[in-house]
Each structure stands twice: as C-alpha cells, then as structure tokens.
Amino acid sequence: MCILIIKSGFAAAMAYGLHKKMTKEQTVLIFDWGGGTLDCTVLTLDEGIFEVKATNGDTHLGGEDVDNILTKYFAQEFKRKHKVFNAFLIIEY
C-alpha cells in the first residue's frame, strides 16, 4: 500500500487535467482560496504528466475574515438589486 500526500492546489490541478484530452502542453495557474490561506500553484500538464513549476501561499489571505467581507458585500448587492430595504438576510454556511 502506498499513500501519497499532496497539496490541495496540486490535487485541484489533477482533478482539472485528468479528464481532458490534451494535444499539447498546457500551463495552468491554480488558486486555492482556503479556510486560512491563499495558495497558488503553477504547473504544466502534458499527456497525463503533471509538473509543478512553482507554489506559494499567503497566510494573511483567506479565512473567516474574507468570508465575512464577501458575505456582507453580496448581501448588500442582493438587497440593492432586488430593492430589499430594512430586511434581515440570514445566511448560514
């Protein structure tokens, strides 16, 4: 039995590339905006071979603070677009 631990950006790239028939090499940029960080991975896909060119992350981007900012923004946009005033919008996630 073999267990391979991979980063989530690479896992996303694998999911993106496994079902595609590629005729030439492609370079892909994967953004993984997770619960506590923003991670970016650049890799190439060519005939089922994945090669990571670069990966990096920022621990100050992502997480609950960004979730709250986006939730507030989209709730305000929803109210503005649908002319909803003085109403409470309950959002569960």
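Before reading on, note that the structure itself is shown above.
To start, this report covers the structure provided alongside it. (Residues numbered from 1 in each chain as written. Predicted model: local features only at pLDDT ≥ 70, side-chain atom pairs only at ≥ 80, totals over all residues. Heavy atoms only, no water.)

Moving on: the pattern of salt bridges. Pairing is possible between side chains that carry opposite charge, provided their charged atoms lie close to one another. All told, the structure shown has 2 salt bridges when counted by the stated rule. Lys53 is the salt-bridge partner of Glu51, the closest N and O atoms lying 3.4 Å from each other. Notably, a salt bridge pairs Glu77 with Arg80, separated by 2.7 Å at the nearest N-O pair. Here Arg80 and Glu77 lie together in helix α2 (residues 64–81), a separation of 3 residues that amounts to about one turn. (Salt bridge = Lys/Arg side-chain N within 4 Å of Asp/Glu carboxyl O. Helix = DSSP H or I, 4+ residues; strand = E, 2+ residues; numbered from the N terminus.)

Now for the pairing of strand β1 (residues 26–33). Judged from the 8 bridges that link them, β1 and strand β2 (residues 38–46) form a sheet pairing that is antiparallel. Counted as the bridge partner of Phe31 is Cys40 from β2. If you look at the hairpin formed by β1 and β2, you'll find 4 residues sitting between the two strands. (Pairing = 2+ DSSP bridges.)

Glancing now at a nonpolar patch on the surface. On the surface, Trp33, Leu61, Leu70, Tyr73 and Phe74 cluster together into a nonpolar patch covering about 530 Å² of accessible area. Ranked by the residues each element gives to the nonpolar patch, the list is headed by α2, at 3 residues. With respect to the secondary-structure elements, Leu61 resides in the loop between β3 (49–58) and α2. (Patch = residues over 30% accessible without salt bridge, like charges linked within 9 Å, V, L, I, M, F, W, Y side chains within 5 Å. Areas by Shrake-Rupley, 256 points an atom, 1.4 Å probe, with all protein chains shown as cover.)

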